[in-house]
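# Remarks on the overall topology
This is what each chain is made of:
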Amino acid sequence: MRMILFLYCIFLTAIVSPLHAQEAFTLAFHPFFQGEPLENDRFYVTEKGDSVMPETFKIYLSGFEVKGENPGFYYKETESYHLLDLENPASFQFPLRGIPEGLQSGVLHFQLGIDSLTNVSGAMGGALDPSKGMYWTWQSGYINLKLEGISPSNKTRNHEFQFHLGGYLSPFNAVQSVDLPFSGQKTLDVGIDLSVFFRNIELKTQKSIMSPCKDAVYLSGEAAKMFYILNP
Amino acid sequence: MKYGIILIIAGVLLSAFQAFRNSAFYIPENWPKPVYNFQVNPTTPAGAELGRALFYDPILSRDSTISCASCHSQYTAFTHVDHALSHGIGDSIGTRNSPALMNLAWQSKFMWDGAINHLDMQALAPITHPDEMGESIPAVLTKLQRSELYPAMFRKAFGSREVTGEYLLKALSQFMLTLVSAESKYDSVMRNQAEFTPQEKNGYQLFRKNCEKCHKEPLFSTFEFRNNGLPADTFLNDYGRMKITQNPEDSLLFKIPTLRNIEYSAPYMHDGRYKKIKEVLRHYTSGIEHSQTLAEELQTPVVLTSNETVDITAFLLTLTDKKFLFNPEFSFPQKLFLQKIKK
């Protein structure tokens, strides 16, 4: 299934990109673990020495902006909500439509998570449709990041860990800003290194977060540090 | 050019007005502006009709046994009949009394503790709750997409046969928004179309003195969170608003409920602990527990003679809106569902 999706994604990019090669500036995100491409069904070792196998990784990125180094260059994506989902590789790549010509270098800005206004604005479609599994049903609010998997260090019966990070209300507003300086390409490759997220987690004692709280805010801050430009 | 713009604006206004007039939602005279944003979800007859079908259809539950109406029955102002704590799937018992549903366009937070931040998002909670309807959203969407009835109704309401989470929720909201109750005797009196009896009038004055600050007219609630002095139930361990904000100052605060149709919406309070209005009044006069977070307004005791209790009760009964309780537009959509069965 994943293979088919993957091929489909390559096929899609193949037919879509020539059409928009002129104006579109494409963002491509690549999941890694300590510099190695993240693969399915594989264990990785965290800095704390825990073995982990990430199984679900879904993340909302929103509010994309590009501030160019050339004076006056500024771009803001409209309806800027993207759900990256490991199950759906195509979701890791998308164009920033309508970006002005002549971008050389600058800063890519976006948010990890969904802003509070959107959180209180009712049912929405597309990436924000509540059927995407990224919405808390018993207490309104988007889940900004879902990371689930298996770690033998966690001594519960099925060794599962589950981090559902979100929260839009102070003092547990978990949305994070990310700013990445880059220099001009048509495609901007952004790495997401999951090992950074696990740097300060003791999976022996902490195996889940399922609602807005202090730890969710802290770990969201750590998650924001996972992003880096691959070809600066 | 200028005229063109004016024409366009006039056209938009007119069509907005048309849509508004055609839908069953309306703003009663002298009421505040609703808080629901109708711009992103304009109510239409087709949308409300779809929402009504969904509200009454057990297809939203895992084993097709429970519908929204199972816990929110029209004849009891859309609360649960006869149960203090609402019953869900497999007869499991929830932890809270289902609130009466009406005038929802004027509320911004839902549930007794405000856990839900928008009317659209409300339905997600019961559908997915294992003790209520026990179903997953994608599974509901698949069932609806495959049904004979719904894709056409979604197309009529939203222009697409595709059943999405967004449209499911918006349709349910559209129906619930039409549940406006503003035709009680109290309303007629306010519009100078009827008069209170002397007893009701006295009750109204007592009400304004003792209850109005929280149960504010014309909606009979400010929809804020307050501790009205109910002794905490040590079995349920429900601390209300604190669960959401994690702020100890919110311990034992619950949303102030409307008192419209109170005659029909028993049992009362978040855990349904009182069956009779008499018991509620006894609570306010002699049952208030003075805990840390007790509301300002109830620090000084409410004093009512037994005659006054009767008068206040008489006034509360003027909030009954029979037109609302028996409005056929809000009831089980028999014609629609019978059609489906015949096919």
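Residues numbered from 1 in each chain as written. Chains lettered and ligands numbered in written order. Predicted model: local features only at pLDDT ≥ 70, side-chain atom pairs only at ≥ 80, totals over all residues. Heavy atoms only, no water.

### Quick word on the overall build of chain A
Here is the rule: Helix numbers and strand numbers start at the N terminus; a helix is a DSSP run of H or I with at least 4 residues, a strand a run of E with at least 2. Burial classes follow relative accessibility: with a 1.4 Å probe on protein chains only, a residue under 20% of its type's maximum area counts as buried, one over 50% as exposed, and anything between as partly exposed. The criterion used for residue contact is that any of the two residues' heavy atoms lie within 4.5 Å. We get accessible surface area from the Shrake-Rupley algorithm with a probe of 1.4 Å; when it comes to residues, only the shown protein chains can shield them.
The secondary structure content of chain A amounts to 4 helices and 14 strands. Within the span of chain A, comprising 232 residues, buried residues form 50% of the whole. When contacts within chain A are restricted to residue pairs at least 6 apart in sequence, long-range pairs at least 24 apart make up 74% of them. Surface accessibility of chain A: about 10700 Å² in total, with carbon and sulfur atoms responsible for 56%.

### Looking at the domain arrangement of chain B
Think of interface size as the accessible area that goes away when the parts come together; that is how it is often given. Residues and elements named next belong to chain B. Definition in use: Bear in mind that the domain bounds are from an automatic or database domain assignment. What counts as buried area is the accessible surface, traced by a 1.4 Å probe, that two parts surrender upon association, with contributions from both included. Put simply, a salt bridge is a Lys or Arg side-chain nitrogen that is within 4 Å of an Asp or Glu carboxyl oxygen. Counted as a polar contact is a pair of N or O atoms within 3.5 Å, where, for protein atoms, one must be capable of donating a hydrogen and the other of accepting one, and residues adjacent in sequence contribute only when both atoms are in side chains. The classification used treats Ala, Val, Leu, Ile, Met, Phe, Trp, Tyr, Cys and Pro as nonpolar, Asp, Glu, Lys and Arg as charged, and all other residues, Gly among them, as polar.
Domain boundaries assigned for chain B yield domain 1 (45–180) and domain 2 (185–320). Measuring from the centre of the C-alpha atoms in domain 1 to the corresponding centre in domain 2 gives 27 Å. Contact between domain 1 and domain 2 buries roughly 1900 Å² in total, counting both sides, with carbon and sulfur atoms accounting for 61%. Contact with domain 2 buries surface across domain 1, with M102, W112 and D113 losing the most and accounting together for 32% of the total. Put simply, domain 1 and domain 2 have 1 salt bridge between them. Between R96 and D238 there is a salt bridge, with the nearest N and O atoms lying 2.7 Å from each other. Summed over the shared surface of domain 1 and domain 2, the number is 10 residue pairs in polar contact (both at pLDDT 80 or more). For the side of domain 1 that touches domain 2, the residue count by class is 11 nonpolar, 9 polar and 3 charged.

### Here's the deal with the nonpolar core
The test is simple: To qualify as a nonpolar core, a set must consist of buried Ala, Val, Leu, Ile, Met, Phe, Trp, Tyr and Cys residues joined through side-chain atoms within 4.5 Å.
Core analysis: the biggest nonpolar cluster contains 67 residues, and B:L50, B:L54, B:F55, B:L60, B:L144, B:Y150 and B:L172 have the highest contact counts within it. The element that contributes the greatest number of residues to this core is helix α8 (residues 165–177) of chain B, accounting for 7 residues. One finds A:F25, A:L180, A:V196 and A:L219 within the second-largest nonpolar core, a separate group that totals 50 residues.

### Thoughts on the confidence of the model for chain A
Residue and element names in this part refer to chain A. Put simply, the test is: Each residue carries a pLDDT value, the predictor's own confidence for that position, ranging from 0 to 100.
Scored by pLDDT, chain A comes out at a mean of 86, with 89% of its residues at no less than 70. The weakest mean pLDDT in chain A belongs to helix α1 (residues 2–20) at 46; the strongest belongs to strand β6 (residues 81–85) at 97. The low-confidence segment residues 9–22, where pLDDT is below 50, has 8 contacts with residues more than four positions distant or belonging to other chains.

### Let's talk about a positive patch on the surface
Residues and elements named next belong to chain B. Spelled out, the test is: Surface patches are drawn from residues lacking salt bridges whose relative accessible area is over 30%; two like charges belong together within 9 Å, two nonpolar side chains (Val, Leu, Ile, Met, Phe, Trp, Tyr) within 5 Å. For the charge count, each Lys or Arg is scored as positive and each Asp or Glu as negative, with His and the chain ends excluded. By convention, charge coordinates are those of NZ in Lys, CZ in Arg, CG in Asp, or CD in Glu.
On the surface, K275, K276, K278 and R282 cluster together to form a positively charged patch. Checked against the element boundaries, K276 lands in the loop between β2 (254–255) and α12 (277–287). Residue K276 is classed as partly exposed on the basis of its relative accessible area of 49%.

### With respect to the packing of aromatic side chains
Selection criterion: By convention, a stacked pair of Phe, Tyr or Trp rings (six-membered ring in the case of Trp) has centres within 6.5 Å and planes under 30 degrees apart, an edge-to-face pair has planes over 60 apart, and any other such pair is tilted. Definition used: whenever NZ (Lys) or CZ (Arg) falls within 6 Å of the ring centre and also within 35 degrees of the ring normal, the charge is taken to sit over that ring.
Under the definition given, this model contains 41 aromatic pairs over all chains. Between A:F64 and A:F110, the aromatic rings sit 4.9 Å apart at their centres with planes inclined by 25 degrees, giving stacked as the arrangement. Of the two residues, A:F64 sits in strand β4 (residues 51–68) while A:F110 sits in strand β8 (residues 105–112), which places them 46 residues apart along the sequence. Grouping residues by exposure puts A:F64 and A:F110 together as buried. Consider the rings of B:F207 and B:F220, whose centres lie 5.6 Å apart with planes at 55 degrees: the pair is tilted. With B:F207 in helix α10 (residues 198–210) and B:F220 in the loop between α10 and β1 (225–226), this pair connects stretches of sequence that are 13 residues apart. Just as B:F207 is buried, B:F220 falls in that class too. Put simply, the rings of B:F55, B:Y56, B:F78, B:F175, B:F324, B:F330, B:F332 and B:F337 pair up and form one aromatic cluster. In this structure, B:R241 packs its charged tip against the face of B:F225, placed 4.3 Å from the ring centre.

### A closer look at the pairing of strand β1 (residues 25–33) of chain A
Successive residues of a regular strand alternate their side chains across the two faces of the sheet. All names here are of chain A. Operational definition: Note: two strands are recorded as paired if DSSP finds a minimum of 2 bridges between them.
When you tally the buried positions in β1, you get 8 out of 9 residues, the bulk of the element. Across 4 bridges, β1 lies against strand β7 (residues 93–96) in antiparallel orientation. Its bridge partner being in β7, F25 is matched across the sheet by L96. Pairing of β1 with strand β12 (residues 187–193), which is carried by 7 bridges, proceeds in the parallel orientation. When the bridges of β12 are listed, T26 appears paired with T187.

### Concerning helix α13 (residues 306–317) of chain B
Residue and element names in this part refer to chain B. The line we're drawing: What a helix should span is 1.5 Å times the count of its residues minus one.
With 12 residues, α13 ought to run about 16 Å at 1.5 Å a step, and its terminal C-alpha atoms sit 17 Å apart, in line with that. Considered for burial, the residues of α13 that qualify are T309, D311, I312, T313, A314, F315 and L316. On its buried side, α13 packs onto α9 (185–190), α10 and α12.

### Re helix α2 (residues 45–56) of chain B
If you check α2(B), its first and last C-alpha atoms are 17 Å apart, about what 12 residues at 1.5 Å a residue would give, namely 16 Å. When we look at burial in α2(B), the residues that qualify are B:G47, B:A48, B:L50, B:G51, B:R52, B:A53, B:L54, B:F55 and B:Y56.

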